Structure formats: structure tokens, C-alpha cells
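# Commentary on secondary and tertiary structure
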Amino acid sequence: MFTKVLKFAAVGAFSVSMAAATVPAMAADSSKPIVIPTHNWSSQVVMAYVIGGIFESMGNNVEYVPADSQAVYEAIRNGDVTISHEVWQSTFGKSFYNAMAKGGVIDAGTHAASTLEELGVPHYVIEKNLCPGLPKWEALKECAEVFATADSGGKGRILEGPQSWHGDLMPNRIKALGLGDKYVVKFAGGADAIWAELASAKKEGRGIITFNWTPNFTDAEGFDFIEFPAYADGCRIVDGGDGKCGSPKGWLKKAANYKFPKTHPAAYTAFTRISFTTTQVGQMAALVDIDKLSHQDAAKKWLADNEAVWKPFTN
Ligand code: TMO
């Protein structure tokens, strides 16, 4: 009996290794759609269609859903959404790890690009010395009037992104640093409102402070992020700190529902290998925000121009 079992095992092992030598042992991906979220900044939407296009090239079905960029991690956890391909550390790290801690979200790797999501000024503000001492944050104490606008009540205006991105992070920080009497934070309705304000300020040669991030299309022209006191875990008010800190020089991760590796092993494997650089993420944004392509056309163009970048992710 003992020898029989051993013999059977030996024969089994032999035939498995023969099969492996000829046909790779791969499970087929489910035909169920991979659900990819779209949010409200350009690189994220273009990259959604880029990654969807990569999955489709492998024979997968995909579906796109507009989603809130904070609530999406709970949607990934419960399986309504399959992946997130731009998890920015500063803005979404907390929601990502909160959902992971509840069970159901996995870390599917990190892009090559590192990130910064921070207040800053276009480069001409530094060049023309409109606020001496910038980009050090202390310089802001002396030049609120340089950044005043018609609706800012004589204070300097800081144009923040939509409140859905990171709530009261910036108003809290400005208050914590003692700048609350001199500056007012206004939330933009959308990213396009930030780009429109940057364009009109540039035309007028006027001082402006906005929220911005890298990688982005603005990297090409030059945008100077303000140097706030260094970030440390726990420094923010929502994390129990005093709020007197800037944003982290952060990572850009990918997240997935925990069942994705099992339902779509080939797509999941490719997804873990997908890694975009600062230049590549910036290009995806620029195709929309500078070249004015639709998100879908931008993705098509990016995929056509960059087969050598993404094809290897699928092998
Ligand atoms: C999440 N964002 C890149 C807009 O800061």
C-alpha cells in the first residue's frame, strides 16, 4: 500500500512537470467585469482607461464607475469596485488602511512615481520674488495681500481642491500655523477651477497659492510647492496631532478587492506589475489638461504610443 501510494505520487509529479514544460499552468480569468473607479482629476481617469485597455487586451471585461475618492476603499472592500490604481498617500492613505484593517482590501503594489500633494505657487511667483522667502512657509506671514482676491476679505486667498479630497486638512493647518488671521482657504468646485485660476493669474502676472500635486501636467512648466514643517505620522489633527505639518513626500499605491487574485489571476498578476513613473502619470494628465483630449481618447493615444511600456506587464 505504502509503495503504491509512493509510485502514484511519482507518476503524478512526472506528468505535472511534463505539462508545465509545454503549457503554462494558468487558470482562466472570470468573464465577469473588472470594476474600475473614476474620480475627479485627470491622470486618474485616463489611467482608469489605460489599465482597462490593458485588461481588455488580455481578453478581460471591464466596467467603469464614477466613485467618491474616499468612499471607494469601502466599495473595494465589499467588492462593488475591484481596484484602485491611484492611491495617493497624503490624501487617501488613511481611508485605504482603514478599509484594509476591516478586512477585504489588499495592497497590490506601488508605482515608481513618488508623490506630493501640497499647496504651492507657479514658478513665476518665485522668479519675480512676489513673496520674498518662498518657498519656505514662514514667508507667508509677510505677504497675505499679495494673494488677496475680490472675495477674500482682504486676507490672502488659498485655493484648495474640492473638499471631497481631504476635508479640512488645509484650513486646519493654516489655523494651526497661526496664519488664520491672514489667510482664508477657499475650496474649488473641481480641478478645472484650479487650472483656470492658475491660467488667469499667470496672464495677469498675479500672485496665487493653490493646492496641486505631482505627478501632474504642471510638472513640465514648473510649480513650486511650499515647504511646510516636515510631515510625521500622527501630526495631523485627524490623527490626534497639532496639525502643524506639511504633506508627506509619499507613495502612489494600487489597491484591490481580496478576491481579485482568485477571480482574475492573469489580470491581477498584470495589475501587480503595473508601475508608472512620474513622467508617465504627468503625460496622462497633460493629454487632457493641455492637449484637451477626452479621457478615453487620451488613454487610447497613451496605449498606442507606449506599447513597449505596458505590454511587458501582461506577460
Ligand atoms: C488626489 N490628488 C492627486 C487630487 O491629490
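Per-chain numbering applies: the sequence of each chain, read as written, is numbered from 1 onward. The model is predicted, so local features are restricted to residues of pLDDT at least 70 and side-chain atom pairs to those at 80 or more, both for listing and for counting; the totals for chains, interfaces and linings are taken over all residues. As a rule here, side-chain values come from all non-hydrogen atoms in the structure, and water together with hydrogens is ignored.

### Concerning the site of the ligand
Around the ligand, the neighbouring residues are Trp41, Trp88, Phe92, Glu117, Trp165, Phe211 and Trp213. Two N or O atoms count as a polar contact when they lie within 3.5 Å, although within protein this holds only if one can serve as hydrogen donor and the other as acceptor, and sequence-adjacent residues are included solely when both atoms are side-chain atoms. For the ligand, an oxygen atom lies 2.7 Å from a polar atom in the side chain of Glu117. Under the grouping applied here, Gly and all other residues not named as nonpolar or charged are polar, the nonpolar ones being Ala, Val, Leu, Ile, Met, Phe, Trp, Tyr, Cys and Pro and the charged ones Asp, Glu, Lys and Arg. Per-class residue counts for the shell around the ligand are six nonpolar, no polar and one charged. Neighbouring residues are identified by heavy atoms, a residue being near a molecule or strand if any of them is within 4 Å of it.

### Quick notes on the pairing of strand 6 (residues 156-160)
In the case of a regular strand, side chains alternate between the two sheet surfaces. Residue exposure (1.4 Å probe, protein chains only): buried if accessible area is under 20% of the type maximum, exposed if over 50%, otherwise partly exposed. Where helices and strands are cited, they refer to DSSP runs of H or I of at least four residues and of E of at least two residues respectively, numbered from the N terminus. Summarising burial for strand 6: five of the five residues are buried, a large majority. Side chains Gly156, Ile158 and Glu160 project from strand 6 onto one buried face, and the interleaved Arg157 and Leu159 project onto a second face that is buried too. Between any two strands, at least two bridges found by DSSP are needed for them to pair. Bridge count between strand 6 and strand 7 (residues 183-187): five bridges; the pairing is parallel. Across the sheet, Gly156 pairs through a bridge with Tyr183, a residue of strand 7. Two elements, strand 6 and strand 8 (residues 209-214), share two bridges in a ladder whose sense is parallel. Residue pairing in the sheet places Leu159 in a bridge with Thr210 of strand 8.

### Brief notes about the domain arrangement of the chain
Accessible area lost when the parts come together is the quantity often used to give the size of an interface. You can read the domains of the chain as domain 1 (19-114 + 251-314) and domain 2 (116-239). Measuring from the centre of the C-alpha atoms in domain 1 to the corresponding centre in domain 2 gives 30 Å. Working rule for contacts: check all heavy atoms of both residues, and any pair within 4.5 Å makes them a contact. Each side of the interface is counted separately: domain 1 has 20 residues, and domain 2 has 18 residues. Buried area: the sum, over both parts, of the accessible surface (1.4 Å probe) that disappears when the two are put together. Both sides of the domain 1 and domain 2 interface together cover about 1600 Å² of buried area, and 51% of this is carbon and sulfur. For this document, the term salt bridge refers to a Lys or Arg side-chain nitrogen within 4 Å of an Asp or Glu carboxyl oxygen. At the boundary of domain 1 with domain 2, the tally comes to one salt bridge. Residue Lys94 is joined to Asp239 by a salt bridge in which the shortest nitrogen-to-oxygen separation is 2.6 Å. Summed over the shared surface of domain 1 and domain 2, the result is seven residue pairs in polar contact (both at pLDDT 80 or more). Here the limits of each domain have been adopted from an automatic or database domain assignment.

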